[in-house]
Amino acid sequence: MKEYLNLLPAEAEKRRLPARAVYAGAAVALYIVFMAGFGVYNQIQTRKIEKNLEALRNQKQMLGMELNSLQAQFPGEAVPGEIFIAKAKLPWAEFLRELSLIVPKDVWLSSIESTEEKATGMKAMTFKGVTTNHAGVADFISALESSKFFYGLEILYSQKGDRGVSFGVKARMRWS
C-alpha cells in the first residue's frame with residue numbers, strides 16, 4: 001500500500017523548484033529589504049544633520065555680525081578676547097563643567113567665591129582648597145591659566161599644615 005497519494009501530474013512534479021533555489025531567493029529578497037531599510041534610515045539621518053548644519057550656519061552668521069559690530073567699536077585693532085567672550089554671555093553650566101575638568105585629582109576645593117573689583121568693575125573668583133603638596137597648587141594654577149575663563153592669577157596664600165597644603169588663589173574672569 002502507498003504511503004501518500006500524488007494527485008499532481010508527473011510533469012508538474014518535475015517542474016518543482018529545488019529547496020536551495022527557494023532559500024537563495026528568500027535570502028536575496030531579505031537582503032534587498034534590509035538595504036532599502038538602511039537607505040531610508042540613512043536619508044532620515046542625513047536630513048537631521050542638514051537641519052543641524054543649517055542652524056549652525058545661522059548661528060555663525062549671527063556671531064559674524066556681532067563680531068563686525070565689535071570691530072566697528074574698536075576700529076583698527078583686534079577685538080579683545082575678554083570683550084568678545086563677555087558679549088557671548090556664557091552660561092554658568094559651561095563654566096562649572098570646565099572647572100570640574102581642570103581641577104587636578106589631588107586638589108580639593110573648599111570654597112569658590114565670586115567678587116567684583118570696585119576699581120575696574122571686573123569680576124574675579126577666589127578659590128580656596130587643600131592639596132597634598134605645593135606641586136598640587138602649582139598644577140591647579142597652571143590649569144586655571146590654560147582655561148578660557150581666567151587670567152591674571154594671584155596666589156593669596158599657600159601654607160603647609162597637618163592636613164596638607166591649604167591655599168587661596170584669586171583669578172580674574174574673562175566674562176561677567
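Because the structure is a prediction, the values reported are computed rather than measured.

## Notes on a nonpolar patch on the surface
Then comes step 1: Where nonpolar side chains cluster on the molecular surface, the patch consists of V28, Y31, I32, F34, M35, F38 and Y41 and spans about 770 Å² of accessible area.
Then comes step 2: M35 sits in the partly exposed class, given a relative accessible area of 38%.

## Some remarks on the pattern of salt bridges
Then comes step 1: All chains considered together, the criterion is met by two salt bridges.
Then comes step 2: E54 is paired through a salt bridge with R57; the nearest N and O atoms lie 3.9 Å apart. In this pair, E54 and R57 are both assigned in helix 2 (residues 19-73), three residues apart and thus about one turn of the helix distant.
Then comes step 3: For E54, a relative accessible area of 39% gives the class partly exposed.
Then comes step 4: Between K148 and E94 there is a salt bridge; the shortest N-O distance is 2.7 Å. With a gap of 54 residues between them, K148 in the loop between helix 5 (134-146) and strand 3 (150-161) and E94 in helix 4 (residues 92-102) connect regions that are remote in the sequence.

## Quick notes on the pairing of strand 4 (residues 164-173)
Then comes step 1: With seven of ten residues buried, strand 4 lies mostly within the body of the structure.
Then comes step 2: Across eight bridges, the pairing between strand 2 (residues 123-131) and strand 4 is antiparallel. Paired with T131 across the two strands is V165, which belongs to strand 4.
Then comes step 3: Two elements, strand 3 and strand 4, share nine bridges in a ladder whose sense is antiparallel. Looking at strand 4, one finds that E154 is bridged to K170.
Then comes step 4: What sits between strand 3 and strand 4 in their antiparallel hairpin is a turn of two residues.

Thresholds applied
Residues numbered from 1 in each chain as written. Predicted model: local features only at pLDDT ≥ 70, side-chain atom pairs only at ≥ 80, totals over all residues. Heavy atoms only, no water. Patch = residues over 30% accessible without salt bridge, like charges linked within 9 Å, V, L, I, M, F, W, Y side chains within 5 Å. Areas by Shrake-Rupley, 256 points an atom, 1.4 Å probe, with all protein chains shown as cover. Salt bridge = Lys/Arg side-chain N within 4 Å of Asp/Glu carboxyl O. Buried < 20%, exposed > 50% of the residue type's maximum accessible area, 1.4 Å probe, protein only. Helix = DSSP H or I, 4+ residues; strand = E, 2+ residues; numbered from the N terminus. Pairing = 2+ DSSP bridges.

Just distances and angles here, no functional claims.
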